[in-house]
Amino acid sequence: MISKAFLESLYLFYRFMLKRLRNSYTTYGRTHKCPPPDKLSTQTIVCDVEGALLRNSSTFPYLMLVALEAGGFLRGLLLLSLYPLISCLSRELALRLMVFVCFLGVRKESFRMGRAVLPKFFLEDVGLEGFEVLRRGGRRVCVSSMPTAMVEGFLKEYLNVEVVLGRELKVFGGYYTGLMEESEVKAGLALEELLSGGRVTEDGIVGFGGYSSYLHQQLFTCCKEVYLVSEVEKRRWQQLPRSSYPKPLVFHDGRIAFRPTPMSTLCMFLWLPLGFPLAVARALVFICLPYALSIPLLATLGMRNRHVTSSTAHPKADVGSHGSRQLYISNHRTLLDPLCIAAVLRRNVTATTYSVSPINEWISPIRTIRLTRNREEDRRRMKNLLEEGDLVVCPEGTTCREPYLLRFSPLFAEVSQEVVPVALETSVTMFYGTSTSKFKYLDPLYFLMNPSPRYEVEFMGKVATGSIGGNECSSYEIANHLQGQIGRFLGFECTNLTRKDKYLMLAGNEGFVEGDINRR
């Protein structure tokens, strides 16, 4: 029997905790509605990333990305195996455990995921309604329970946030220890600095968070008003459309092509024992069998390839004949682009490359020639290759995953009087077949490990390289013209970005692989 005294004590304790909870929220205004736009334009908004900006408050998918991309499959498997325990812990303890597993032993200088990998997944989870509130703020401060190294690049570069207050990771000997410092101390000091510096006043700070923003309650007490949203409300939010991104997402890195929730990550690990031998089988079919046999067999093995003839193409002119020597130019999606073009042509072609791994060159079923980045020498090589047979050139110089075209090099227009533009599109569901890491030689394997990778090849009409619409033009003008043609057909946006821009952003180098300097 439960004593009466015990029940009275339990009741008094309940009333005491309820009173404290009420006091913690009555220090600032609280409402369910978003503030009016004109009210925020002159104020500083303090936004909780997980509670009010992202549609899903779970940090597991982002930490799983860190585990897989920075630590490998074994670390990701360890984090997944700990998920039942993580689910039973409090949110703070669960977060600390996940961060410890993901970051322990990761070199600080080489950790670029905050800029190269995570922004894509964060942007896809941003709610349009939450973003509109953040965008209206005159000054934007974002607070996150995740490590600063994970969220700072995304918030500052893609959402134009001025101040990011995250959890700092402890470092020993240049490596992360996996231990986090207290976030409230840093956040409070940062706000005090803003107030003491005269840049904002207490009356000019508005908080925007979720009911689960327990980590930031102390921070929100500095705000005159706080607007809260529930998880139920966030589930009704719309996804931020790509057209509304403050900065276009042109480049991103990493192998994982899906949001790694616990269930989807489990499916990936269950697929790997089947996906790896399937990828090897697909590669052997590509390498060893003639195209007449390899194409239908690859379709049986799950690869979807589609050849489309453009309405602007001349009949029987663009796929060429065995006696012709044609220059094909295409946008660049993966290292398999020339192979897919050769498969449609039903004959081998020669492909020019820049910094392809020697392993990929060795196993390639078609001839590959490495360019030197010396304009005169490359022009001479391409002319000689074209005299020997069909040549495939990717003027972008590197791959691009998103619906954008990088700037076309005009060199192809200086080696042939006519070219055949080829529009390529790919689709994957599990792994990306491109990367900027030192393991680039695994790119084709990852693409082939997808359950059902897709390639779409479209040959467009022959184009003279010396004129546009009957008017004489330079090689630069024809390069821009063909970039625009391929872009319009695919629905891609043309940019002036180059290979160098991509590698400097994602890898911190200019895109050379080992041995490039000796080959130049």
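This structure is a prediction, so every number in the text was calculated from the model and none was measured.

The rules behind these values
- Residues numbered from 1 in each chain as written.
- Predicted model: local features only at pLDDT ≥ 70, side-chain atom pairs only at ≥ 80, totals over all residues.
- Heavy atoms only, no water.
- Helix = DSSP H or I, 4+ residues; strand = E, 2+ residues; numbered from the N terminus.
- Buried < 20%, exposed > 50% of the residue type's maximum accessible area, 1.4 Å probe, protein only.
- Contact = heavy atoms within 4.5 Å.
- Areas by Shrake-Rupley, 256 points an atom, 1.4 Å probe, with all protein chains shown as cover.
- Salt bridge = Lys/Arg side-chain N within 4 Å of Asp/Glu carboxyl O.
- Axes fitted to C-alpha atoms, helices over the stretch in contact; angles between N-to-C directions.
- Parallel < 35°, antiparallel > 145°, perpendicular 65-115°, else oblique.
- Left-handed = near helix turned anticlockwise from the far one by under 90°.
- Core = buried A, V, L, I, M, F, W, Y, C linked by side-chain atoms within 4.5 Å.
- Phe/Tyr/Trp six-rings, centres within 6.5 Å; stacked < 30°, edge-to-face > 60°.

Student: I tried to follow the overall build of the protein chain on my own but got confused; where do I start?
Tutor: The helix and strand inventory of the protein chain stands at 23 helices and 20 strands. Each of the 520 residues in the protein chain was classed as buried or not, and the buried ones make up 51%. Across the protein chain, contacts joining residues at least 24 apart in sequence account for 74% of those joining residues at least 6 apart. For the protein chain, the accessible surface area stands at approximately 24500 Å², while carbon and sulfur atoms represent 57% of it.

Student: Help me understand the pattern of salt bridges, please; the structure alone is not making it clear to me.
Tutor: Considering all chains together, one arrives at 28 salt bridges under this definition. Where Asp-253 meets Arg-401, a salt bridge forms, and the shortest distance between an N and an O atom there is 3.7 Å. Of this pair, Asp-253 sits in the loop between α14 (231-235) and α15 (262-288) while Arg-401 sits in the loop between β13 (391-393) and β14 (404-405); the two residues are 148 residues apart in sequence, bridging distant segments of the chain. Since its relative accessible area comes to 14%, Arg-401 is described here as buried. Across the salt bridge formed by Arg-454 and Glu-456, the nearest N and O atoms sit 3.3 Å from each other. Take Arg-454: its relative accessible area is 22%, and that puts it in the partly exposed class. Among the charged side chains, a network of salt bridges with common partners joins Arg-375, Glu-376, Arg-379 and Glu-414.

Student: What's the story with the packing of helix α5 (residues 73-81) against helix α7 (residues 91-103) in this structure? I'm lost.
Tutor: The geometry of a pair of packed helices is captured by two quantities: the angle between their axes and the separation between those axes. Running from N to C, α5 and α7 cross one another at 165 degrees; their axes reach a closest spacing of 9 Å. If you check the angle between α5 and α7, you find them roughly antiparallel. Between α5 and α7 lies a crossing whose hand is right-handed. Residues Arg-75, Leu-78 and Leu-79 of α5 touch α7, and the partners they reach there are Met-98, Val-101, Cys-102 and Phe-103.

Student: Could you clarify how one ought to interpret the nonpolar core in this entry?
Tutor: Buried together is how nonpolar side chains tend to be arranged in soluble globular proteins. If you look at the biggest cluster of nonpolar residues, it comprises 105 residues, and the most contacted ones within it are Leu-79, Phe-103, Met-150, Leu-155, Leu-159, Phe-208 and Phe-459. The contacts of Leu-155, once residues within four sequence positions are left out, are Val-49, Leu-53, Cys-142, Asn-160, Val-161 and Val-164. Core analysis: the next-biggest nonpolar cluster, separate from the first, contains 27 residues, Leu-385, Leu-386, Cys-473 and Ile-478 among them.

Student: So what exactly am I meant to see when it comes to the packing of aromatic side chains here?
Tutor: What describes a pair of aromatic rings is the distance from one ring centre to the other and the angle between the planes of the rings. Enumeration over the complete set of coordinates arrives at 12 aromatic pairs. Ring centres of Phe-60 and Tyr-83 lie 5.1 Å apart, and the angle between their planes is 65 degrees; on these two criteria the pair is classed as edge-to-face. Linking Phe-60 in helix α4 (residues 60-71) with Tyr-83 in helix α6 (residues 83-88), this pair joins segments that are 23 residues apart in sequence. For Tyr-83, a relative accessible area of 32% gives the class partly exposed. Residues Phe-111 and Tyr-176 carry aromatic rings whose centres are separated by 6.1 Å and whose planes lie at 90 degrees to one another, so their mutual orientation is edge-to-face. A residue pair is termed long-range when its members are at least 10 positions apart, and Phe-111 in the loop between α7 and α8 (113-116) and Tyr-176 in strand β6 (residues 175-180) qualify at 65 residues. A single burial state applies to Phe-111 and to Tyr-176, both of which are buried. Linked through ring pairs, Phe-73, Phe-269, Phe-431 and Tyr-446 together constitute an aromatic cluster.

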